[in-house]
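Residue-level listing of the chains:
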Amino acid sequence: MLALACCAAMAPAAYCQTAQTAQTAPTGTVTAPSSDSSVQVYGVLDAGAVSEHDCRGGSCPSTKISPGVSTGSVIGFTGREALGNDTSAVFTLEAGVRNDTGQSDQNGRLFGSQAYVGLANRWGAVTVGRQYDVGYETLTEVADPFRGGMAGTATNLMGNGSKRSDNTIKYRSALIHGFVASAIYSFGESAFSTSRNRAYGAMIGYQGGPFTLRAAHQRKNNFLQGAGATTPVDLSSRNSLVAANLHLGQAATVYAAYAVNRGVGSSPWDQDNPYGALVLSSPSNRSNDALAGVSYASGPATYMVSYIRKDDRSLANQDANQVAVGMTYSMSRRTAFYAAYAKIKDHNGAPYTVGNFSEQGKGRSAFNLGLRHAF
């Protein structure tokens, strides 16, 4: 089906996993006048109870209902038109929804989850617009048993806190003899300095039998240009990641990853502020991360466990460790119940907190209990 094909080529693991678990493409296909054109409407609604503890700077808020805990809640439109010569025009418009309040997610953007158009053929796809970064895709698709969601998400300690880039040209190849590659370039359309606020990255990987291996490098040049002779403030980041997983039979999967992070903005920090704004970034400009995890499927239930170690190599030595456990239970092909718990141990005042797919979180530990439905 088209939705699953587009998912495998261009969407992050969280949405792909939902669709693949459902074993069905999103419903609501609208056929255009030409038999070579199609548009599909799809979505995911996810809501859960989140209880946070050991919050920084004071007491935690009471238990709350949060949207997009295991995956983002979205409504999307995707389609393609055959142009001949094995080439098709493709597009996706995907709106994030905070379904606890009905507001738009991603800081109020209408189509803040994804918005791109491009061309695709048997060699891959070239797309232009707002899209997922190659480093984030590698982490969530290959290394993280929690697929970037729930309290156990690897993004609590790994990556630079960003999932997507605006003004982006992206190429992602098809799987050819087990190999896959992608590259991304984001134009620095900043009011401060277009030449100093660009982003780019690349990924190469191999998938053969039960084994998957990928390596990715992502760089964001983030300079806040000062006025006059003021020296620009450099919040840039360079993140390199090697990720792998191994399927052991039909039930168990083992995960591992190692990351090298450099730059003031290279570890998770508050991305609610526009990239390029003068905000407090992460305290570490030099760190290494290691992840180990396992998932085990038993009937409709899947259990996940992971451990992450952030080794801060700066003088502050603000290390952090995260331990997480979770489970999902498929009640049907499109509906799943989930629960997860994670705890972070910060050292020397490190600022890391337990979040989920849509929120950064405020506490050093958190428990999630929720439900998601794909349509």
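Residues numbered from 1 in each chain as written. Predicted model: local features only at pLDDT ≥ 70, side-chain atom pairs only at ≥ 80, totals over all residues. Heavy atoms only, no water.

(A) Representation of the overall build of the protein chain in the model. Looking only at helices and strands, the protein chain features four helices and 21 strands. Per-residue burial for the protein chain yields a buried fraction of 50% across its 375 residues. Taking the contacts inside the protein chain whose residues are at least 6 apart along the sequence as the reference set, 61% of them involve residues at least 24 apart. Summed over all atoms, the accessible surface of the protein chain reaches about 16300 Å², with 59% contributed by carbon and sulfur. (Helix = DSSP H or I, 4+ residues; strand = E, 2+ residues; numbered from the N terminus. Buried < 20%, exposed > 50% of the residue type's maximum accessible area, 1.4 Å probe, protein only. Contact = heavy atoms within 4.5 Å. Areas by Shrake-Rupley, 256 points an atom, 1.4 Å probe, with all protein chains shown as cover.)

(B) Up close: the confidence of the model for the protein chain. Averaged over every residue, the pLDDT of the protein chain is 86; the share at 70 or more is 82%. Strand 1 (residues 30-31) is the least confidently modelled element of the protein chain, averaging 34 in pLDDT, while strand 19 (residues 320-330) averages 98, the highest of any element. Low confidence marks residues 17-34, where pLDDT is under 50. Its contacts with residues over four positions away, or in another chain, come to 33 contacts. Confidence drops under pLDDT 50 across residues 273-280; counting only partners more than four residues distant or on other chains, this segment forms 17 contacts. (pLDDT = per-residue confidence, 0-100.)

(C) Quick peek at the pattern of salt bridges. Applying the stated criterion across every chain yields a total of 16 salt bridges. Two residues, aspartate 54 and arginine 364, come together in a salt bridge whose shortest N-O distance is 3.3 Å. Linking aspartate 54 in strand 2 (residues 37-55) with arginine 364 in strand 21 (residues 363-374), this pair joins segments that are 310 residues apart in sequence. Of the residues examined, aspartate 54 reaches a relative accessible area of 42% and is grouped as partly exposed. (Salt bridge = Lys/Arg side-chain N within 4 Å of Asp/Glu carboxyl O.)

(D) Structural context of unusual backbone geometry. Its identity as a non-glycine residue notwithstanding, aspartate 54 has a phi of 55°, on the positive side. Phi at histidine 177 takes a positive value of approximately 50°, unusual for a residue other than glycine. Position of histidine 177 among the secondary structure elements: in the loop between strand 9 (164-173) and strand 10 (179-186). Of the residues examined, histidine 177 reaches a relative accessible area of 74% and is grouped as exposed.

(E) Examining the pairing of strand 19 more closely. Pairing geometry for strand 18 (residues 301-312) and strand 19, over 10 bridges, is antiparallel. Following the sheet pairing, threonine 302 is matched in strand 19 by threonine 328. Strand direction decides the pairing type here: strand 19 and strand 20 (residues 335-346), joined by 11 bridges, are antiparallel. Paired with glutamine 322 across the strands is isoleucine 344, a residue of strand 20. (Pairing = 2+ DSSP bridges.)

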